[in-house]
Every structure is written in C-alpha cells, then in structure tokens.
Amino acid sequence: MDRHRRVLTSLGLPTTYRDRQWPMLEQTMKRDKKTRAGLLRFVVLDRIGAVSRLEGPDPALLLSAYAAITEESTR
C-alpha cells in the first residue's frame, strides 16, 4: 500500500478521501460500468501480472477499507 501511495502522490493524484463521504463514494461506484444489477464488482490484483474479479464484497469490508484511507485516519 505504501508503494501505491508513493506512486499516486508522485503523479499528483489523491490518496485519501474526506471523512464522511462514504455514501457519495458508494453511489459513484454503483454507477461504474463493472457493476451489474447493483452488485459491485472490482478487478483486483492477485499478484503482479495476475488479476481476478471480486464480486459483491461484504459491505462492512468496503466501509472498513474506506475508513482506513480517510483523511482523518491518515493524520
């Protein structure tokens, strides 16, 4: 995760979300082209050069991941 954060930061891209923005982010993800019938689907990296599709992750897991990258938690 640190490596990803360094790369994104070096490109001038954001690496955190503002706290309390989860509902808006979740709605945005539901409009993504990979989402089908309200089921969130993600392309995930298993290892370098190997990806898979994660379908319908536990909402608590997504919320936990979001909490870990909010501006408040990274201070």
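Read on for a plain summary of the structure. For clarity, every value in this text was computed on a predicted model and none was experimentally measured. Note on numbering: residues in each chain are counted from 1, in written sequence order. Where totals are concerned, whole chains, interfaces and linings use all residues; where local detail is concerned, this predicted model gives features only for residues with pLDDT of at least 70, and gives and counts side-chain atom pairs only at 80 or more. Values shown for side chains rest on all heavy atoms present in the structure; no hydrogens or waters enter the calculation.

### Details of the nonpolar core
In globular proteins that are soluble, nonpolar side chains generally tend to be buried together.
Okay, step 1: Grouped together as the largest cluster of nonpolar side chains are six residues: Trp22, Leu25, Met29, Leu40, Leu62 and Tyr66.
Okay, step 2: Every element with two or more residues in this core is listed here: α2 (22–30) and α3 (59–68).
Okay, step 3: Residue contributions to this core peak at three residues, all from α2.
Okay, step 4: In contact with tyrosine 66, other than residues within four places in its own chain, are Tyr17, Arg18, Asp19, Arg20, Gln21, Trp22 and Leu25. Throughout this description, the term nonpolar core refers to a set of buried Ala, Val, Leu, Ile, Met, Phe, Trp, Tyr and Cys residues connected via side-chain atoms within 4.5 Å. Each residue is assigned to one of three classes by its accessible area relative to the maximum for its type, calculated with a 1.4 Å probe on protein chains only: buried under 20%, partly exposed between the two thresholds, exposed over 50%. Strands here mean DSSP runs of E at least two residues long; helices mean DSSP runs of H or I at least four residues long; both are numbered from the N terminus. Here, residues are in contact when the closest pair of their heavy atoms is within 4.5 Å.

### Considering the side chain of threonine 70
Okay, step 1: Inspection of the secondary structure assignment puts threonine 70 in the segment after α3.
Okay, step 2: Engagement of the side chain of threonine 70 in a polar contact is seen with the backbone oxygen of alanine 67, the distance being 3.2 Å.
Okay, step 3: Not counting the four nearest positions on each side in its chain, threonine 70 is found in contact with Thr16, Tyr17, Arg18 and Asp19. Whenever a nitrogen or oxygen atom comes within 3.5 Å of another N or O atom, the pair is scored as a polar contact, on the condition that within protein one atom can donate a hydrogen and the other can accept it, and that pairs from neighbouring residues in sequence are kept only if both atoms are in side chains.

### Quick word on the packing of aromatic side chains
Okay, step 1: Classification of ring pairs uses Phe, Tyr and Trp, with its six-membered ring standing for Trp, and accepts pairs whose centres are within 6.5 Å; under 30 degrees between planes counts as stacked, over 60 as edge-to-face, and the remaining range as tilted. If you walk through the whole model with that rule in mind, you get two aromatic pairs.
Okay, step 2: An aromatic cluster is present here, built from Tyr17, Trp22 and Tyr66 joined pairwise through their rings.

### Details of the pairing of strand β1 (residues 41–47)
Okay, step 1: For two strands to pair, DSSP has to find at least two bridges joining them. Where β1 meets strand β2 (residues 50–55), six bridges bridge the pair, whose relative direction is antiparallel. Following the sheet pairing, phenylalanine 42 is matched in β2 by leucine 54.
Okay, step 2: Here β1 folds back onto β2 in antiparallel fashion, the turn holding two residues, of which glycine 49 has a positive phi close to 85 degrees.

### A word on α2
Okay, step 1: For α2, the full list of buried residues reads Trp22, Leu25 and Met29. Considered in projection along α2, the buried side chains sweep an arc of 65 degrees and stay on one side of the axis. α2 presents Pro23 and Met24 as exposed residues on the side facing more than 90 degrees away from its buried surface.
Okay, step 2: Those residues of α2 that are buried lie in contact with β1 and α3. What the arc describes is the spread of directions from the helix axis to the C-beta atoms.

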